[in-house]
Amino acid sequence: MSQLLITNARPYGEDTVDVLVTDGVVETVAAGQSAPEGAEVLDARGAVLLPGFVDLHVHLREPGGEESETIETGSQAAALGGFTAVFAMPNTDPVADSDVVVEHVWRRGAELGLVDVHPVGAVTVGLGGERLAELGTMADSRAGVRMFSDDGRCVNDPLIMRRALEYASALDVVIAQHAEDHRLTGGAQAHEGAVAARLGLAGWPATAEETVVARDCALAREARARLHVCHISTARTIDVLRAAKAQGVQVSAEVTPHHLLLTDSRLSGYDPVNKVNPPLRTAEDTRAMREALAEGVIDVVATDHAPHAAQYKDTEWQAAKPGMLGLQTALSVLIETMVEPGLLDWHGVARVLSERPAEIGRLPDQGRPVAEGEPGTFALVDPDAVWTVRGANLASKAANTPYEGMRLPGSVVATVLRGRITAQDGKVVR
């Protein structure tokens, strides 16, 4: 029998209690508990206790991109960021479009044991957009794939997307769409607007996202399927989602931390660390993202953690690959943009970082309440901490953080996965 007693913790920022976890399950939640003989003790020192975070959108790069990230380094970054489960996107080499590849990713994550790594299967073979991958085979594999996406590319063909949604409905899985009409974004380098015009960068119109979301909501309604929209970034996309949800469409959506905080005003120096897909938008779009997340029109925060080795970022703007690190800074950005302004309380943070992501990803043992009989899977947060971001000090193999040198609020002091400490005081625990 293994036991962990977490003392002086504040579930959801409320009254201080002690939490005893036995064999991975919460046994008691009460103040003034004594540690059973042989139990490990973790003094939370008044930290906020939340369900472990779930990230529906990360790029772990393995197999094939190990110069930028591995499942091991990505898992370390996730644990240090308070995450207990992550969904690894399929744009690897080879593409995760078969049971062989998804089982490799799942198995490697399980071997490491720092977070639950759930592979996302490709919708189409080789992400080519022309032929459906074996969704049923991947869903029935040992990896138990529950989300499918061609992320990095859009499933542009409406017939292919319709068929994918029909299969998804039958399999009870979700299709996660990278909403970008490539016919509108060919050569695009920045949000289409005043900043792009001034800098001489080809514009990326907001309509390239909005039109795909509108189309796919209609297809999902017809197929009675679950649709998840990745990294939404424009105010008008929110209008489309609000209308679709009002009509009963089973659609969910995510926003990234960087689209909550950063705008295209950062592009003036042509620093490729600010290059991302979809691009940083306007301050108006950023405000709309925050309001929609508080309202619940946007369901979750997902990092789109996208590490790139130096050779892919330390280059001229047009040649650089898009993407940013996100796992270890996500909570702090959420505190700065949503908690400190009063848009979310700690229950709201749990909703967008833990509960809804677990529901969308069909993870019954994640995102559960801090209560007796529930899994002992937590993130402990010091809301009063302030830290300076240094890419070189992050656990990821790459260092492409857009927050370099920024002072951000809040830090994860410990992460617990089914009663086992996986990260504590800025260090991975094995």
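Residues numbered from 1 in each chain as written. Predicted model: local features only at pLDDT ≥ 70, side-chain atom pairs only at ≥ 80, totals over all residues. Heavy atoms only, no water.

The chain is annotated in an unreviewed UniProt entry as Dihydroorotase of Pseudonocardia ammonioxydans. Database annotation for the chain, UniProt heading Pathway (unreviewed entry): "Pyrimidine metabolism; UMP biosynthesis via de novo pathway; (S)-dihydroorotate from bicarbonate: step 3/3." The heading Sequence similarities (unreviewed entry) in the UniProt record of the chain holds the text "Belongs to the metallo-dependent hydrolases superfamily. DHOase family. Class I DHOase subfamily." (UniProt positions renumbered as here; feature names shortened; annotations may be inferred.)

Engineer: Just give me the short version of the overall build of the chain, but keep the residues and values in it.
Structural biologist: Regarding its fold elements, the chain presents 13 helices and 19 strands. Here the C-alpha radius of gyration of the chain, 21 Å, is about what a compact globule of 430 residues would show, namely 22 Å. Overall size of the chain, expressed as C-alpha extent along the three principal axes, is 65 × 45 × 45 Å. Accessible area of the chain: about 16000 Å², with a carbon and sulfur share of 47%. The averaged location of the 59 negative side-chain charges in the chain is 4 Å from the averaged location of its 38 positive side-chain charges. (Helix = DSSP H or I, 4+ residues; strand = E, 2+ residues; numbered from the N terminus. Rg over C-alpha atoms; globule rule 2.2 N^0.38 Å. Areas by Shrake-Rupley, 256 points an atom, 1.4 Å probe, with all protein chains shown as cover. Lys, Arg positive; Asp, Glu negative; His and termini not counted. Charge placed at Lys NZ, Arg CZ, Asp CG, Glu CD.)

Engineer: Describe in detail the side chain of lysine 313, supporting the description with residues and values.
Structural biologist: Inspection of the secondary structure assignment puts lysine 313 in helix α11 (residues 310-313). Buried within the structure, lysine 313 lacks any salt-bridge partner; aspartate 271 is the closest side chain of opposite charge, at an N-O distance of 7.4 Å. At 2.8 Å, the side chain of lysine 313 and the backbone oxygen of lysine 321 are in polar contact. Polar side-chain contacts of lysine 313 include one of 3.1 Å to the backbone oxygen of glycine 323. Once residues lying within four places of it in the same chain are set aside, the contact partners of lysine 313 are Pro272, Val273, Lys275, His308, Ala320, Lys321, Pro322, Gly323 and Asn400. (Buried < 20%, exposed > 50% of the residue type's maximum accessible area, 1.4 Å probe, protein only. Salt bridge = Lys/Arg side-chain N within 4 Å of Asp/Glu carboxyl O. Polar contact = N/O pair within 3.5 Å; in protein donor to acceptor, adjacent residues only side chain to side chain. Contact = heavy atoms within 4.5 Å.)

Engineer: Tell me about the sheet that holds strand β8 (residues 116-119), and please be specific about residues and values.
Structural biologist: As summarised here, the arrangement of the three strands in space is β6-β7-β8, forming an open sheet in which the pairing is parallel. Taken across any chain shown, the strands that pair with only one partner, and hence form the sheet edges, are β6 (53-58) and β8. Pairwise comparison of adjacent strand axes, ignoring direction, gives a mean angle of 20° for this sheet. Sheet topology places strand β7 (residues 83-88) next to β8; four bridges connect them, and they run parallel. Across the sheet, residue alanine 85 finds its bridge partner in β8, namely aspartate 116. The strands touched by helix α2 (residues 99-112) are β7 and β8; relative to β8, the strand with the most contacts, the crossing angle is about 175°. (Pairing = 2+ DSSP bridges. Axes fitted to C-alpha atoms, helices over the stretch in contact; angles between N-to-C directions.)

Engineer: Explain the UniProt feature "binding site: substrate" (unreviewed entry) in the chain to me, and be specific about the residues and the numbers.
Structural biologist: According to UniProt, the feature "binding site: substrate" (unreviewed entry) maps to His59, Leu60, Arg61, Asn91, Asn277, His308, Pro322 and Gly323 in the numbering used here. Of the annotated residues named above, the ones that line the largest cavity are Leu60 and Arg61. Looking at the secondary structure, you find histidine 308 in the loop between β15 (300-301) and α11. If we skip the residues at most four places from it in the chain, histidine 308 touches Arg61, Ser68, Lys313, Lys321, Pro322, Gly323, Ala398 and Asn400. In terms of polar contacts, histidine 308 uses its side chain to reach the backbone carbonyl oxygen of proline 322, at 2.7 Å. Inspection of the secondary structure puts proline 322 in the loop between α11 and α12 (330-339). Setting aside anything within four residues of it in sequence, one finds proline 322 in contact with Lys275, Val276, Asn277, His308 and Lys313. (1 Å grid on protein atoms, 1.4 Å probe; cavity = no way out; pocket = protein on both sides within 12 Å on 5 of 7 lines; lining within 4 Å.)

Engineer: Provide a residue-level description of empty space enclosed by the protein, including the pertinent values.
Structural biologist: Take a probe with the size of a water molecule and roll it over the atoms, and the empty space left behind shows itself. Counted by the stated rule, this structure contains five cavities of 30 Å³ or more. Taken as a whole, the largest cavity encloses approximately 60 Å³ of empty space. If you go around the largest cavity, the residues you meet are Leu60, Arg61, Glu62, Ala88, Met89, Pro90, Thr92, Ala96, Val105, Pro119 and Val120. Its residues assigned to classes, the lining of the largest cavity shows eight nonpolar, one polar and two charged. (Points joined across faces, edges and corners; volume = space filled by probe spheres on them. Nonpolar A, V, L, I, M, F, W, Y, C, P; charged D, E, K, R; others polar.)

Engineer: Give me the lowdown on the layout of surface pockets, citing residues and values where you can.
Structural biologist: Approximately 780 Å³ is the volume attributed to the largest pocket. Taken together, the residues of the lining of the largest pocket sort by class into 14 nonpolar, 16 polar and nine charged. Its volume calculated, the second largest pocket comes out at about 360 Å³. Taken together, 17 residues line the second largest pocket, and the ones lying closest to its centre are Leu80, Gln328, Trp387, Val412 and Gly426. Elements supplying a minimum of two residues to the lining of the second largest pocket: α12, β16 (378-388) and β17 (407-417).

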